[in-house]
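For reference, the chains in residue letters:
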Amino acid sequence: MIARASQLFLPTLREPPADAEAASHQLLVRGGFIRQIGAGLWSFLPLGWRVHMRIEQIIREEINAIGGQEMRAPTLTPAELWETTGRIDVPILFHLTDSGGRPFVLSWTHEESMTFLAREIQSYKQLPQVWYHFSTKDRDEPRPRGGLLRLREFIMKDSYTFDADVAGLDAAFDRHEKAYARIFERCGLEAYLVEAESGVMGGKSSLGFLAPTGSGENELIRCENSDYFADVEAARGKPRPAELPEPLAALERVETPGVGTIEELAAFLGIAESATSKALPVVTGDRLVLALVRGDDRLSPEKLETFFERAFRPATEGEIRAAFGAGGGSLGPVGVDVEVIADEALREGQYVAGANEDGWHLRGVEAGRDYEATFADIRQTVAGDACPECGGKLEIQTAIEVGHIFKLGTFHSEAFGATFLDEDGREKPLVMGSYGIGLARTMAAIVEQSHDENGIVWPSSVAPYDVHVVALPGAEEIATRAAEALSAAGKSVLLDDRDQRAGEKFADADLIGCPIRVTAGKKSLEDGKVDVRDRASGAEKRLDVADLGKEFQ
RNA sequence: CGGGGCGUGGCGCAGCCUGGUUAGCGCGUUGGUCUGGGGGACCAAAGGUCGCGAGUUCGAAUCUCGCCGCCCCGACCA
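### Here's the deal with the side chain of serine 123
If you trace the backbone, serine 123 turns up in the loop between helix H4 (111–118) and strand S8 (129–138). From its side chain, serine 123 meets the backbone nitrogen of lysine 125 in a polar contact 2.8 Å long. Setting aside residues no more than four positions away along its own chain, serine 123 makes contact with Phe420 and Leu421.

### Considerations on unusual backbone geometry
A cis geometry characterises the amide bond from leucine 127 onward to proline 128, with omega recorded as 0°. With respect to the helices and strands, proline 128 occurs in the loop between H4 and S8. You will see that serine 226, though not glycine, has its phi angle at about 55°, which is positive. Looking at where serine 226 falls in the secondary structure, it is placed in the loop between strand S12 (218–223) and strand S13 (229–231). Relative accessible area serves as the criterion here: at 45%, serine 226 is assigned to the partly exposed category.

### Quick word on the domain arrangement of chain A
Under the domain assignment used here, chain A contains domain 1 (23–211 + 404–447), domain 2 (252–376) and domain 3 (465–551). Distance between the C-alpha centres of domain 2 and domain 3: 67 Å.

### A closer look at helix H7 (residues 301–308)
Within H7 the residues assigned to the buried category are Lys303, Leu304, Glu305 and Phe308. In this fold, the buried residues of H7 make contact with strand S15 (277–284), strand S16 (287–294) and strand S18 (339–343).

Thresholds applied
- Along each chain, residues carry numbers from 1 onward, in the same order as the chain's sequence is written.
- By the order in which they are written, chains take letters starting at A while ligands take numbers starting at 1.
- Totals for whole chains, interfaces and linings use every residue, but because this is a predicted model, local features are given only for residues with pLDDT of at least 70 and side-chain atom pairs only at 80 or more, for both listing and counting.
- To obtain the side-chain values, all non-hydrogen atoms of the structure were used and water was disregarded.
- Only DSSP runs of H or I covering at least 4 residues are called helices, and only runs of E covering at least 2 are called strands; the numbering of each starts at the N terminus.
- Side-chain atoms alone can form a polar contact between residues adjacent in sequence; in general such a contact is a pair of N or O atoms within 3.5 Å, and within protein one must be able to donate a hydrogen while the other accepts it.
- In this analysis, two residues are considered to be in contact whenever any of their non-hydrogen atoms come within 4.5 Å of each other.
- Relative accessible area decides the class of each residue, using a 1.4 Å probe on protein chains only: under 20% of the type maximum gives buried, over 50% gives exposed, and in between gives partly exposed.
- For the domains described, the bounds stem from an automatic or database domain assignment.

Pasting the structure below:
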């Protein structure tokens, strides 16, 4: 297969668009792969779509290999589908009506559609089922960003598994986990399986695949010894030890006029921030709770939400006054009639805490002796924490979530009455799992990981073309023969037959990033050879056109 | 939704503060000459509702108000 650049819609740009910051955003636009049509809305141009299709095909092969059946559900769906599960209220849903005024929703995921279909499953004899499709998702994202990093419309591969029991789900989940690892590996993408926070969806297991990148919305925690990876939101780093002063036999009141922050408190008392505790009153449902973390730690909203199994919000100034009789800067767990959730780090030792009296704190506050609390891991892991596996130092890195897999259980099947009869003739809800990969986001992540100052360096598995043949003036004929030889050897070839300067063609070739560049120029006319250059390493060698075929067998 | 920034030929920008004939520059595009292994030179040319709408003014890209769009930070987020 040979594509001629002179006839391709391949608009490359010398400069990146002004509003592009992420490397993938800049390079994909400059290389003529994608163009924007609105916030979070992008067109894939011929080269971009070729890459997208190659990623799609890798996913298809791997999901087929674990028994997936490819199908297709629509994106436009009747609103009642979403009323069935109550997910009609999800804020990122796009709502619309048809000309008759009937309400519709653009699917942002397909559990509802697939479960609707799964009602046709009648018997345990038909289980398990693994269904998947590549389909358009629309999400009214509050903030799309970064080119392909966060889109309002995108194509996702999503699988849905239906099993008779939890053991079946576990097996299906495990197969997907392994398939995903193979998919990302084949795409040339470094991605790690991490525990993800399922937040308000709560309870069920959820794992994410994070690809470390230069730009992204997630943060990957990784141990320096590579034995622990986690999303920062769920990471279980161990805090460094607190620097505590000598313990006190009893509480000691200390006046702290004008002290409102931990930083000021530590400075005023001449102690480390880690010797203090930070009190954060929150409201969940209709109860007020005091969350307590060490002074040098930050509360992890995701962990606290998981602990509560529901959303929460910071308490208002009025609520704080009413419950504690003091302002936000002087709160503590001692002597209050409020439930206290304390971070594990505070289980041992004595800390300075607010006295619930403006301008006063307490020294020597000790859990168990001075207050009762429920202990939980509610602190945010930070770089420098110790690894929970080996004690090594944890590092933090920007990342993109390219895949997410969930054990859904029976929430959707119960809502839809998607049941089957088991061996004993009992009616049971299908046990479900769902598994997603964002294709465009995967593409962006690959570029984030595989580029240099000159452009993209595509892994050969997803490159738009295997070989980029550059025809310099006078050598068009030999370039064409080289392209034909490569094509005959099964390679896809981009033949740059445009009437452009050599520098321009080389710059475009580097930018577009095909793994191999073959150059035919004046020198070729003399010796019949071409220059074969490896995009990644820059290594170059001269080969006879006749030998090109076997070079790439 | 809160904060900040931006909107001027295809791309990147200047002009705006301090209103005044034909709105400039670089790149790109078209035609031509020379050139030809890392974005070459010269000549000629095309291409603009200055985001939209009101207002102020003799006169608005420029000042005022409103709206829209886009980007970044935050909030939000299966």
